[in-house]
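# Coordinate analysis (summary)
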Amino acid sequence: MKSNGSSAPAAQRAKFDLDRYLADRTAAVNRALDQLLPKATTKPATIHKAMRYSLFAGGKRLRPALCLAAAEACGGRLEPALPLACAVECIHTYSLIHDDLPAMDNDDYRRGKPTNHKVFGEGIAILAGDALLTQAFEIAAGCRLNGRYPCQSVLLELTQASGSLQLIAGQVADLEGEGQKISASQLKYIHERKTSALLRCSVRLGGMSANCSPTQLAALGDFGYHVGLAFQIIDDILDVTQTSEQLGKTAGKDAAVQKATYPAIVGLEKSRRIAARLTSRAFAALKPFRGRATALEALAGYLLERNK
Ligand code: GRG
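The present account deals with the structure reproduced in this document. (Residues numbered from 1 in each chain as written. Predicted model: local features only at pLDDT ≥ 70, side-chain atom pairs only at ≥ 80, totals over all residues. Heavy atoms only, no water.)

## Re the pattern of salt bridges
Rule in force here: A pair is scored as a salt bridge if a Lys or Arg side-chain nitrogen falls within 4 Å of a carboxyl oxygen belonging to Asp or Glu. Runs of E in the DSSP output that reach at least two residues are strands. Runs of H or I that reach at least four are helices, and both are numbered from the N terminus. Only protein chains enter the accessibility calculation, which uses a 1.4 Å probe; a residue is then buried when its area is under 20% of its type maximum, exposed when over 50%, and partly exposed in between.
Evaluation of the coordinates by the stated rule reveals 14 salt bridges. Between E89 and R61 there is a salt bridge, with the nearest N and O atoms lying 2.9 Å from each other. Taken together, the positions of E89 in helix α5 (residues 78-99) and R61 in the loop between α3 (45-55) and α4 (62-73) put the pair 28 residues apart, joining distant regions of the chain. Pair check on accessibility: E89 and R61 agree, each one buried. Between D100 and R110 there is a salt bridge, and its shortest N-O distance comes to 2.9 Å. Taken together, the residues span a long stretch of sequence, with D100 in the loop between α5 and β1 (109-110) and R110 in strand β1 at a distance of 10 residues. For D100, a relative accessible area of 2% corresponds to the buried category. What you see here is one network of salt bridges that share partners, running through R61, E89 and R111.

## Section: unusual backbone geometry
The omega angle of the peptide bond from K43 to P44 is -5°, so this bond is cis rather than trans. Tracing the backbone through its elements, the reader meets P44 in the loop between α2 (18-36) and α3. Phi angles above zero are rare outside glycine, and N106 is one such case at about 55°. Of note, the phi angle at R111 is positive, near 55°, even though the residue is not glycine. Here R111 lies in the loop between β1 and β2 (113-114).

## Quick notes on the nonpolar core
Stated precisely, the cut-off is as follows: Among the buried residues, those of types Ala, Val, Leu, Ile, Met, Phe, Trp, Tyr and Cys that are joined through side-chain atoms within 4.5 Å form a nonpolar core. Residue contacts are defined here by distance: any two heavy atoms, one from each residue, within 4.5 Å place the two residues in contact.
Among the nonpolar cores identified, the biggest contains 74 residues, and L205, F223 and L296 are the most heavily contacted of them. Counting residues per element, this core draws most heavily on α5, at 11 residues. Beyond its immediate sequence surroundings of up to four residues, F223 is in contact with L66, V203, A282, A285, L286, L296 and A300. Ranked by size, the runner-up nonpolar core spans 16 residues in total, among them A230, I233, A275 and L304.

## Brief notes about the packing of α4 against α5
A packed helix pair is summarised by two numbers, namely the angle formed by the two axes and the spacing between the axes. To keep it simple, the criterion reads: All axes here are fitted lines through C-alpha atoms, helices being fitted over the stretch that makes contact, and every angle between N-to-C directions spans 0 to 180 degrees. Any angle that is under 35 degrees is reported as roughly parallel, and any over 145 degrees as roughly antiparallel; angles of 65 to 115 degrees are reported as roughly perpendicular and all others as oblique. Throughout, a crossing is termed right-handed when the near helix is turned clockwise from the far one, and left-handed when it is turned anticlockwise from it by less than a right angle. Polar here means any residue other than Ala, Val, Leu, Ile, Met, Phe, Trp, Tyr, Cys and Pro, which are nonpolar, and Asp, Glu, Lys and Arg, which are charged; Gly is therefore polar.
The geometry of α4 relative to α5 is characterised by a closest axis approach of 8 Å and an angle of 155° between their N-to-C directions. By the angle between their axes, α4 is roughly antiparallel relative to α5. Crossing handedness for the pair α4 and α5: right-handed. Residues R63, P64, C67, L68, A71 and E72 of α4 form the contact with α5, whose own contacting residues are L78, A81, L82, L84, A85, V88, E89 and H92. Among the residues making up the contact of α4 with α5, the classes are represented as 10 nonpolar, 1 polar and 3 charged.

## A few points about helix α11 (residues 214-241)
The cut-off we apply is this: One less than the number of residues in a helix, times 1.5 Å, gives the span that helix is expected to have.
In this model α11 runs 40 Å from its N-terminal to its C-terminal C-alpha over 28 residues, within 8% of the 40 Å that 1.5 Å per residue would give. Among the 28 residues of α11, 21 are classified as buried, and the element is accordingly described as predominantly covered.

## Focus: the packing of α11 against helix α15 (residues 268-285)
Relative to each other, α11 and α15 sit at 160°, their axes nearing to 8 Å. By the angle between their directions, the pair α11 and α15 is classed as roughly antiparallel. As α11 runs across α15, the sense of the crossing is left-handed. Residues A219, D222, F223, H226, V227, L229, A230, I233, I234, I237 and T241 of α11 pack against L268, S271, R272, I274, A275, L278, T279, R281, A282 and A285 of α15. Looking at the contact of α11 with α15 residue by residue, the class counts come to 14 nonpolar, 4 polar and 3 charged.

## Let's talk about the site of the ligand
Heads up, the condition is: We call a residue near a molecule or strand whenever a single non-hydrogen atom of that residue lies within 4 Å of it. Polar contacts, as counted here, are pairs of nitrogen or oxygen atoms within 3.5 Å of one another; within protein the pair requires one atom able to donate a hydrogen and one able to accept it, and residues that are adjacent in sequence qualify only if both atoms are side-chain atoms. Accessible areas in this description were obtained via Shrake-Rupley with a 1.4 Å probe; residue shielding takes into account the shown protein chains only.
Close to the ligand lie 19 residues; K60, R63, H92, R111 and Q232 are nearest. Take R63: an N or O atom from its side chain is 2.8 Å from an oxygen atom of the ligand. One of the side-chain nitrogen or oxygen atoms of H92 is found 2.8 Å away from an oxygen atom of the ligand. In the complex, the protein chains occlude 93% of the 710 Å² of accessible area that the ligand would expose alone. Residue assignment for the shell around the ligand shows that the elements contributing at least two residues are α4, α5, α9 (167-177), α10 (184-209) and α11. No other element matches the 6 residues that α5 contributes to the shell around the ligand. Taken together, the residues of the shell around the ligand break down into 6 nonpolar, 7 polar and 6 charged.

And the structure:
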């Protein structure tokens, strides 16, 4: 990857133990989620089982990791960032459950397991998604931040990223675009909303939990936006190049339903170059952190190079 003067030296990045970082942060997030959600036996048990089934099905926890890494880059602690990281993961999981429904992408596998509706039926899967979305706001509403960003700012950030102008707008455009000829700019519109908005929100929430400066918040937003776009392009590339076993979800689905993707529009090689360029833009956005955002940089590098 092309280096630019604004990111931490490549040697410093290379020394960063990302596997260990991800394992530690994933464990912390899983513990927190377990405490924040109603137990599987809480009445009505079916819904709590269904919520937990998808939440603990083995997701990569990238959004929580980005949230926590952003907090660290701003000198923050894990404790206030953790509930926000969990709230984002609840929203992400809800969106996956709903996306997999027969009325949407109609998928049988997710996170290496049968999808929520395959196990619990469509009605409960819809409700599990609804409940996870609501759970996210309950968790976020309990945050106690005393600095520049009161709880109201946190809630606004989450609602905007997941509402009808962002996450849902992206899904609507995605649904309506199936089988249609879509331009690169329309595709970018979908990626910005369907994928980038929640990644951007994750890092901004991490910054807010650490009472970051307005300059840092803007930089984190810029970073999250570009990482989010790169992330979706890589996701589309993996859909073409990897197996279902490797991905833990049905591979080759995009072409099967004639979904517009970067690989379909510009080809695999150009898609890889675009994703690398977007990742360089993400690195450049971290300039205000003067080398203190090593975890964020390592995560952005990993997202570009991942194979699942
Ligand atoms: C239903 C409102 C609504 C939105 C659905 C999430 C989504 C929007 C669609 C799912 C399909 C898709 C390609 C989404 C883009 C985001 C994305 C690549 C999700 C997968 O994220 P990972 O790889 O998944 O982080 P894990 O399972 O590891 O958490």
